[in-house]
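Tertiary structure, described
Single-letter residue listing:
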Amino acid sequence: MTSNDVVELLEQQHVRIRTLFEEVANTKGEERGRHFHELVRLLAVHETAEEEVVHPFARKNIDGGELVVKDRLEEEESAKKVLAQLDDMDPDSAEFLDRFAALRQDVLAHAEKEEHYEFAHFKEVADQGKLANLARAVRAAEAVAPTRPHPGTDTATKNLVTTPVATVVDHARDAIRKVMGT
């Protein structure tokens, strides 16, 4: 995902998220677990970058931005809670599959709302240079973002306080899972 336009970059990530939902739904066992952990990681870094870069820009620059962002943050917080629960479950259990199906529906609806109510307006209020700067800022935020959902960290300020510790802990968990093959 190398776009120099923040809208294209985020939409490319949404395509990857949709693909990962398909891969989780259509596999089993260790393969499902690998796809799920990749999905969790992508969603965590994607949402953190949105909270730190995209939503603040939308609040300030698009008509009704405050309300649009409020609605998106509520959706993201709900998804974080479900992801955190799913992360500790057996991916082949019936409970996981039921919760995962509901999460999938909610996250895909959330992505469509972001694209329609938020991203679609960016090109109206920002030139190509600003969109490129926002894409760089999103990549920078993602580089230091936690790799797990952390409910309650829905603003840049909360991310600033939580992110350093959460990132270290998450990267340690990622390394352990890699070594353990899970």
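What you see is a predicted model, and the numbers here were worked out from it, not measured in a lab.

With that settled, consider the nonpolar core. Counting 20 residues, the largest nonpolar core has Val6, Leu10, Val54, Phe119, Phe122 and Val138 as its most contacted members. Breaking this core down by element, the ones donating at least two residues are α1 (6–25), α2 (29–61), α3 (65–87), α4 (94–125) and α5 (128–143). Ignoring sequence-local partners within four residues, the contact set of Val138 consists of Val6, Leu9, Leu10, Ala49, Val53 and Val54. Core analysis: the second largest hydrophobic core is formed by 17 residues, Ile17, Phe21, Leu42 and Val107 among them.

Looking at the protein chain, pLDDT values average 85 and 80% of them are 70 or higher. Of all helices and strands in the protein chain, the one with the weakest mean pLDDT is helix α6 (residues 156–180) (44), whereas α1 scores best (97). Across residues 158–165, where pLDDT falls below 50, the model places 12 contacts with residues more than four positions away in sequence or in other chains.

What follows deals with α2. Between the first and last C-alpha of α2 there are 45 Å, a value that for 33 residues agrees with the 48 Å anticipated at 1.5 Å per step. Maximal helix bending in α2 amounts to about 45°, located at Glu50.

What follows covers the pattern of salt bridges. If charged atoms from side chains of opposite charge come close, those side chains can pair. This model, assessed by the stated rule, comprises 13 salt bridges. Residue Arg16 is joined to Glu38 by a salt bridge in which the shortest nitrogen-to-oxygen separation is 2.6 Å. Taken together, the positions of Arg16 in helix α1 and Glu38 in helix α2 put the pair 22 residues apart, joining distant regions of the chain. In the salt-bridge network here, residues are joined through shared partners; they are Asp5, Glu8 and Lys123.

The N-to-C vectors of α2 and α3 enclose an angle of 160°; their axes lie 11 Å apart at closest approach. Between α2 and α3, the angle is such that the two are roughly antiparallel. With respect to the hand of their crossing, α2 and α3 are arranged in left-handed fashion. For the pair α2 and α3, contact is made by Phe36, His37, Val40, Leu43, Glu47, Glu50, Glu51, His55, Ala58 and Arg59 and by Gly65, Glu66, Val69, Arg72, Leu73, Glu76, Lys80, Leu83, Leu86 and Asp87, respectively.

Topologically, His46 is positioned in helix α2. A polar contact is formed between the side chain of His46 and the side chain of His14, at a distance of 3.2 Å.

Reading the values: the criteria
Residues numbered from 1 in each chain as written. Predicted model: local features only at pLDDT ≥ 70, side-chain atom pairs only at ≥ 80, totals over all residues. Heavy atoms only, no water. Core = buried A, V, L, I, M, F, W, Y, C linked by side-chain atoms within 4.5 Å. Buried < 20%, exposed > 50% of the residue type's maximum accessible area, 1.4 Å probe, protein only. Helix = DSSP H or I, 4+ residues; strand = E, 2+ residues; numbered from the N terminus. Contact = heavy atoms within 4.5 Å. pLDDT = per-residue confidence, 0-100. Expected span 1.5 Å × (residues − 1). Bend = angle between axes of the 7 residues up to and from the residue. Salt bridge = Lys/Arg side-chain N within 4 Å of Asp/Glu carboxyl O. Axes fitted to C-alpha atoms, helices over the stretch in contact; angles between N-to-C directions. Parallel < 35°, antiparallel > 145°, perpendicular 65-115°, else oblique. Left-handed = near helix turned anticlockwise from the far one by under 90°. Polar contact = N/O pair within 3.5 Å; in protein donor to acceptor, adjacent residues only side chain to side chain.

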